[in-house]
Amino acid sequence: MSNIEANLNRVQNEIAQAAQVSGRNVTDIELVAVTKTHPAEIVREAVDAGQTLFGESKVQEARVKIPLLPSNLRWHFIGHLQKNKIRHALPFFEVIHSVDSVDLAQAIDRIAQEDGLHPRILLEVNVAGEGSKFGFKATTLRAELESLLMLPRLSIEGLMCIPPLAEDAETSRTYFVELRKLRDALEKEFQVKLPQLSMGMTNDYSVAVEEGATLVRVGTAIFGERCKPKREL
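A brief look at the structure comes next. (Residues numbered from 1 in each chain as written. Predicted model: local features only at pLDDT ≥ 70, side-chain atom pairs only at ≥ 80, totals over all residues. Heavy atoms only, no water.)

Mapped onto the elements of the fold, glutamate 187 is located in helix H7 (residues 170-190). Spatially, the C-alpha atoms of glutamate 187 and glycine 158 are 9.6 Å apart, while their sequence positions differ by 29 residues. (Helix = DSSP H or I, 4+ residues; strand = E, 2+ residues; numbered from the N terminus.)

With that out of the way, let us pick up helix H2 (residues 40-48). Taken residue by residue, H2 has Ala40, Val43, Ala46 and Val47 as its buried positions. Projected down its long axis, H2 carries its buried residues within an arc of 110°, all on one side. In H2, the exposed positions angled more than 90 degrees off the buried face are occupied by Glu41 and Asp48. Directly beyond the C-terminal end of H2, a positive phi value near 105° is found at glycine 50. (Buried < 20%, exposed > 50% of the residue type's maximum accessible area, 1.4 Å probe, protein only. Arc of directions from axis to C-beta.)

For the rest of this paragraph, the subject is the pairing of strand E5 (residues 120-126). Taken residue by residue, a regular strand's side chains alternate between the two faces of the sheet. Most of E5 sits inside the fold, with six of its seven residues counted as buried. Note: strand E4 (residues 95-99) against E5, three bridges, orientation parallel. Across the sheet, valine 95 pairs through a bridge with arginine 120, a residue of E5. Handedness of the crossover joining E4 and E5 through helix H5 (residues 102-115) is recorded here as right-handed. In this sheet, strand E7 (residues 155-161) lies alongside E5 in parallel orientation, the contact comprising six bridges. Residue pairing across strands places isoleucine 121 opposite isoleucine 156, the latter belonging to E7. Pairing of E5 with strand E6 (residues 136-137), which is carried by two bridges, proceeds in the parallel orientation. What sits directly across from asparagine 126, in E6, is lysine 137. (Pairing = 2+ DSSP bridges. Right-handed = clockwise from strand over helix to strand, strands pointing away.)

This part covers the pattern of salt bridges. The final tally for this structure, using the stated rule, is 15 salt bridges. Residue arginine 120 is joined to glutamate 94 by a salt bridge in which the shortest nitrogen-to-oxygen separation is 3.9 Å. Placement of arginine 120 in strand E5 and of glutamate 94 in the loop between helix H4 (86-89) and E4 is noted, with a sequence separation of 26 residues between them. Across the pair glutamate 170 and arginine 173 runs a salt bridge, and its minimum N-O distance is 2.6 Å. With glutamate 170 and arginine 173 both in helix H7 and three residues apart, the pair spans about one turn of that helix. Accessibility expressed as a relative area gives 43% for glutamate 170, which makes it partly exposed. (Salt bridge = Lys/Arg side-chain N within 4 Å of Asp/Glu carboxyl O.)

Turning next to the side chain of serine 98. Looking at the element boundaries, serine 98 is found in strand E4. Of the polar contacts made by the side chain of serine 98, one reaches the backbone oxygen of glycine 79; its length is 2.3 Å. Filtering out sequence-adjacent residues up to four positions away, serine 98 remains in contact with Phe77, Ile78, Gly79, His80, Leu81, Leu104, Leu122, Glu124 and Met160. (Polar contact = N/O pair within 3.5 Å; in protein donor to acceptor, adjacent residues only side chain to side chain. Contact = heavy atoms within 4.5 Å.)

When you line up the elements, leucine 8 lands in helix H1 (residues 3-21). By relative accessible area, leucine 8 is classed as buried at 2%. Expressed as a C-alpha distance, the spacing of leucine 8 and glutamine 51, which sit 43 residues apart in the sequence, is 8.1 Å. With sequence-adjacent residues up to four places away left out, leucine 8 is seen in contact with Leu31, Ala46, Ala49, Gln51 and Ile222.

In this structure, the second largest pocket encloses a volume near 200 Å³. Taken together, Gln12, Ile15, Val26, Ile29, Glu30, Leu31, Gly50, Gln51, Thr52, Leu53 and Arg74 form the lining of the second largest pocket. Those elements giving two or more residues to the lining of the second largest pocket turn out to be H1 and strand E1 (30-34). Taken together, the residues of the lining of the second largest pocket break down into five nonpolar, four polar and two charged. (1 Å grid on protein atoms, 1.4 Å probe; cavity = no way out; pocket = protein on both sides within 12 Å on 5 of 7 lines; lining within 4 Å. Points joined across faces, edges and corners; volume = space filled by probe spheres on them. Nonpolar A, V, L, I, M, F, W, Y, C, P; charged D, E, K, R; others polar.)

In structure tokens, the structure reads:
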């Protein structure tokens, strides 16, 4: 058994344990194996171990890597999406986790219309109000959601967050609870279904599962520390 296979097994077991603790069905939770900076040959080890859902955060890196890997894999975009990269990103990713403004959503919708696509997206919420992070303010998302729901090409499937970095996973719990409660309130107020909650990474994914995560984004616990990225052209 390779290290990556063993790591995957451990992460999946911990997800299952967290689901059991919170009375959830483990089949309602998907592991997004985050491959940013890791080359295709490393990703292939995870594929050989049975993993089929992966996450990337750089469009340029994904455009090189994804064609080198089996075509049946599923890819989610989890990084900040620049407007000038939208057209390149849409054909590669089944879900974009990180739509962080009305302007970006409108640009995705326009390009999707031009290219005949129907993107599935999540709305990124800046749960801690950090100035260094992208995302909708939780306090204003209600006012902005109405215009987002009117964009005809976009399927808004849920919310995503990145809590402040902390050594103790329990520190993240309050932010995961806040995101879940916000999702529940928006569903009730707007009579929409927002089934997906993308929350939890290597340091805190078990806590995220306990609080309702349906997608956990785990990289380092599977692949080890990130490889030094090549200089982007």
